[in-house]
Amino acid sequence: GDSVTQMEGPVTLSEEAFLTINCTYTATGYPSLFWYVQYPGEGLQLLLKATKADDKGSNKGFEATYRKETTSFHLEKGSVQVSDSAVYFCALSEGNQGGKLIFGQGTELSVKP
Amino acid sequence: GAGVSQSPRYKVAKRGQDVALRCDPISGHVSLFWYQQALGQGPEFLTYFQNEAQLDKSGLPSDRFFAERPEGSVSTLKIQRTQQEDSAVYLCASSSQGGYGYTFGSGTRLTVV
């Protein structure tokens, strides 16, 4: 079945460091790909998405490119801030499943001043 | 309402007790999803409604889990004879169209003792 695998956390970075969180997926069709973020005590929020191969999703300085050849959707940010500390989830959705999301296990990011 | 509202925010149940978790989606949202998030894991799909029709319940872990959305708005997830392994955060999400426009609630944290 479809699945999503993320790099394990926690990831600890200093402010202004470069961030990469790896995400790879397995899917039978052509899924849409998402990154969600969960700040402490809050609900999941959509961070960015890409719906087809080579699309780049971007938001709040974060970006991820849908790479069909490597089945990857790695999240990057050039300069992280303390306020980016959160848990990040990669997810996919197959178009023929009513929008059901399949999530990775999440990667906790901690940014130190 | 402005967002997806879930209640209660926290629930402690004794093993064997029945519980009911409520989700108020964003007004007018057709699609409604329930997910279960165990500690340190990504959310896992439980069930999906389009209006009042339950189109997919493949993720419900056992016949102790039951969800309903009788009038196509508020939804209730019921768990009968709770077990310790049911301890998790239960997330509700709604969407005006399947897949890309999810809004998650803050979840109900269920602890079975």
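Look a little higher up for the structure.
Cut-off values and rules
Residues numbered from 1 in each chain as written. Chains lettered and ligands numbered in written order. Predicted model: local features only at pLDDT ≥ 70, side-chain atom pairs only at ≥ 80, totals over all residues. Heavy atoms only, no water. Helix = DSSP H or I, 4+ residues; strand = E, 2+ residues; numbered from the N terminus. Polar contact = N/O pair within 3.5 Å; in protein donor to acceptor, adjacent residues only side chain to side chain. Contact = heavy atoms within 4.5 Å. Pairing = 2+ DSSP bridges. Axes fitted to C-alpha atoms, helices over the stretch in contact; angles between N-to-C directions. Salt bridge = Lys/Arg side-chain N within 4 Å of Asp/Glu carboxyl O. Nonpolar A, V, L, I, M, F, W, Y, C, P; charged D, E, K, R; others polar.

Undergrad: Hey, could you run me through the side chain of T107 of chain A in this one?
TA: Residues and elements named next belong to chain A. With respect to the helices and strands, the residue T107 is situated in strand β12 (residues 107-112). A distance of 3.0 Å separates a polar atom in the side chain of T107 from a polar atom in the side chain of Q6. If we skip the residues at most four places from it in the chain, T107 touches Q6, M7, E8, G9, V11, I21, A86, V87 and Y88.

Undergrad: Could you clarify how one ought to interpret the sheet that holds strand β3 (residues 19-21) of chain A in this entry?
TA: The strands that make up a sheet are held in pairs by hydrogen bonds between backbone atoms, and each pair lies either parallel or antiparallel. Residues and elements named next belong to chain A. Strand order across the open sheet formed by four strands is β3-β9-β8-β7, with antiparallel pairing between neighbours. Two strands lie at the open edges of the sheet, namely β3 and β7 (56-59), each paired on one side alone. When the angles between neighbouring strand axes are averaged without regard to direction, this sheet yields 15°. Pairing geometry for β3 and strand β9 (residues 75-77), over three bridges, is antiparallel. In the strand pairing of β9, T20 is matched with E76.

Undergrad: Please explain the interface of chain A and chain B as it appears in this structure.
TA: Accessible area lost upon the coming together of the parts serves often as the stated size of an interface. With 18 residues of chain A at the contact, the number on the chain B side is 20 residues. Applying the counting rule to chain A against chain B returns one salt bridge. The shortest N-O distance in the salt bridge between K100 of chain A and D56 of chain B comes to 3.9 Å. Remark: the boundary between chain A and chain B carries two residue pairs in polar contact (both at pLDDT 80 or more). Mapped by element, the contributors of at least two residues to the side of chain A that touches chain B are β5 (32-38), β6 (44-50), β10 (86-93) and β11 (101-103) of chain A. The dominant element in the side of chain A that touches chain B, judged by the number of residues it contributes, is β5 of chain A, at four residues. When the residues that make up the side of chain A that touches chain B are grouped by side-chain class, the tally is seven nonpolar, nine polar and two charged.

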